[in-house]
Amino acid sequence: AYFGNLPGFFFPSNGHFVAIGINHVEAGYARYSSVTLYDAATFIAIGSFTNLKEMKGSADRYLPNHPLKDQLYAISFRRNCTNYNYCINVPETSLSLLSAMIFMERAYVDPNGSKGTDPAIMLPFRILYGEDPSLIPSLWKSGLKSVYGRLRDALFPEEVINFLGWPMA
């Protein structure tokens, strides 16, 4: 089974993505499972993780006492994985700040047969996006402040900005 996710975001220096989903091998639906980040323009793989090493234990920090935690995963894709466990490093030399990207999840071969598991009985993975607030000041100094301000003004009315508490440019 193959599941894709086109996040609709670029990958800024202060941003990160978290892939969350079912470890289909531990859940008994596959013999091998992986998640890969691709550059959408070239379809070159940038980084990946598999059930063989990285998946097991990655959801423990979110669900430490849950009985099904080994059947789940939560792994980050960051520009810098220093001080982060369960993290795939994505340097700007591999994927530029404005590159489109695609995440793909694969689950191969039903463990009780020779065919793939029916995708209709499997739950597809999800990609969450977040930003590291501590990195924002360096981006503002590099001139992104004016670009951010123009985008914000074009996309969001002032009452939404005030409600969210975003800084005014």
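On a predicted model such as this, the values are computed, not experimentally measured, just so you know.

(A) Summary view of the overall build of the protein. Summing up its helical and strand segments, the protein has two helices and eight strands in all. Listing every helix and strand of the protein by position from the N terminus yields β-β-β-β-β-β-β-β-α-α. Of all 169 residues assigned to the protein, the portion counted as buried reaches 37%. If you take every contact in the protein between residues at least 6 apart in sequence, the share linking residues at least 24 apart comes to 65%. Roughly 10,000 Å² of accessible area belongs to the protein as shown, and the carbon and sulfur atoms make up 59% of that amount.

(B) Representation of the packing of aromatic side chains within the structure. By the definition in use, this model includes seven aromatic pairs. Relative to tyrosine 129, the ring of phenylalanine 17 lies with its centre 5.1 Å away and its plane at 55°, an arrangement referred to as tilted. Of this pair, phenylalanine 17 sits in strand E2 (residues 15-22) while tyrosine 129 sits in strand E8 (residues 126-131), and the two are 112 residues apart along the sequence. Members of the aromatic cluster, each reached through a chain of ring pairs, are Phe11, Phe17, Phe49, Tyr73, Phe77, Phe103 and Tyr129. Here the basic side chain of arginine 78 rests over the ring of tyrosine 84, its NZ or CZ set 3.7 Å away from the ring centre.

(C) Looking closely at a nonpolar patch on the surface. Taken together, Phe10, Leu97 and Leu98 make up a surface patch of nonpolar side chains, about 310 Å² in accessible area. Mapped onto the elements, leucine 97 comes out in the loop between strand E6 (87-89) and strand E7 (101-108). By relative accessible area, which is 34% here, leucine 97 ends up partly exposed.

(D) Seen up close, the environment of aspartate 110. Examined against the element boundaries, aspartate 110 turns out to sit in the loop between E7 and E8. Along the sequence, aspartate 110 and tyrosine 32 sit 78 residues apart, while their C-alpha atoms lie 9.2 Å from each other. In this view, aspartate 110 contacts Tyr29, Arg31, Lys115, Gly116 and Thr117; residues no more than four positions away in its chain are not counted.

(E) Main features of the pattern of salt bridges. Under the defined criterion, the tally for this structure stands at one salt bridge. Across the salt bridge formed by glutamate 26 and lysine 56, the nearest N and O atoms sit 3.9 Å from each other. Remark: lysine 56 occurs in the loop between strand E4 (45-50) and strand E5 (72-78) and glutamate 26 occurs in the loop between E2 and strand E3 (32-39); sequence separation between them is 30 residues. Its relative accessible area of 36% is what places glutamate 26 among the partly exposed residues. Classification of lysine 56 as partly exposed rests on a relative accessible area of 43%.

Each value, and the rule that gives it
- Residues numbered from 1 in each chain as written.
- Predicted model: local features only at pLDDT ≥ 70, side-chain atom pairs only at ≥ 80, totals over all residues.
- Heavy atoms only, no water.
- Helix = DSSP H or I, 4+ residues; strand = E, 2+ residues; numbered from the N terminus.
- Buried < 20%, exposed > 50% of the residue type's maximum accessible area, 1.4 Å probe, protein only.
- Contact = heavy atoms within 4.5 Å.
- Areas by Shrake-Rupley, 256 points an atom, 1.4 Å probe, with all protein chains shown as cover.
- Phe/Tyr/Trp six-rings, centres within 6.5 Å; stacked < 30°, edge-to-face > 60°.
- Lys NZ or Arg CZ within 6 Å of the ring centre and 35° of its normal.
- Patch = residues over 30% accessible without salt bridge, like charges linked within 9 Å, V, L, I, M, F, W, Y side chains within 5 Å.
- Salt bridge = Lys/Arg side-chain N within 4 Å of Asp/Glu carboxyl O.

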